[in-house]
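Descriptive structure summary
Spelled out from the first residue to the last, the chains are:
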Amino acid sequence: MGIFDTVSETIKRYGCRIMIENNGKRIPAKAFIEPLRYKNKVYVGGEYHVLGFNSTEKYLYIGPVDFPLTVNSSVIQMQNNKYIVKRCETYYVKDCSIYVWAILLPYGNALEDDYESD
């Protein structure tokens, strides 16, 4: 079994059931979604925030390549939580796409960097 099959099977077997909303289409899938820890700040702007002032709640998504995501458009629902994709990339090994990773924010929460600066 190759790396693609191994990763794909792991996501199907152990991933959570999710719903991906893209351009009005709802697609059921499985993926991993977990909170991003403080040490992972390099992918989400790299800024320190004083506790209690800014929402820094961000999540890491690992999912199959079969369902492409769109930044600031794709919405992912898992159980009773909704998230919007803020950054996404496909991970490749030898020109073969293996999985998609993304940074998610809670859907509907306007964060400081979502507004245009004056």
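Residues numbered from 1 in each chain as written. Predicted model: local features only at pLDDT ≥ 70, side-chain atom pairs only at ≥ 80, totals over all residues. Heavy atoms only, no water.

Our next topic: the pairing of strand β1 (residues 16–22). Bridge count between β1 and strand β2 (residues 25–35): 7 bridges; the pairing is antiparallel. Residue pairing for β2: Met 19 is matched across the bridge by Pro 28. (Pairing = 2+ DSSP bridges. Helix = DSSP H or I, 4+ residues; strand = E, 2+ residues; numbered from the N terminus.)

For the structure on display, the rule yields 4 salt bridges. The shortest N-O distance in the salt bridge between Glu 9 and Arg 13 comes to 3.9 Å. On the criterion of helical spacing, the pair formed by Glu 9 and Arg 13 is a turn pair, its members being 4 residues apart in helix α1 (residues 3–14). Ionic pairing is found between Lys 82 and Glu 21, a salt bridge with its closest N-O pair at 3.9 Å. On the criterion of sequence distance, the pair formed by Lys 82 in strand β5 (residues 81–93) and Glu 21 in strand β1 is long-range, its members being 61 residues apart. Residue Lys 82 is classed as partly exposed on the basis of its relative accessible area, which comes to 34%. Here the salt bridges share partners, and the residues they tie into one network are Glu 21, Arg 26 and Lys 82. (Salt bridge = Lys/Arg side-chain N within 4 Å of Asp/Glu carboxyl O. Buried < 20%, exposed > 50% of the residue type's maximum accessible area, 1.4 Å probe, protein only.)

A word on α1. Given 3.6 residues per turn, any residue in an α-helix points the same way as the ones three and four places further on. Along its 12 residues, α1 runs 16 Å from first to last C-alpha, staying within 8% of the 16 Å computed at 1.5 Å per residue. Those residues of α1 that fall on the buried side of the exposure criterion are Val 7, Ser 8 and Ile 11. Each buried residue of α1 lies within a common arc of 95 degrees when the element is viewed along its axis, so the set occupies one face. Every exposed residue of α1 that faces more than 90 degrees away from the buried side is listed here: Arg 13 and Tyr 14. Against the buried residues of α1 lie β2, β3 (59–63) and β6 (96–106). (Expected span 1.5 Å × (residues − 1). Arc of directions from axis to C-beta. Contact = heavy atoms within 4.5 Å.)

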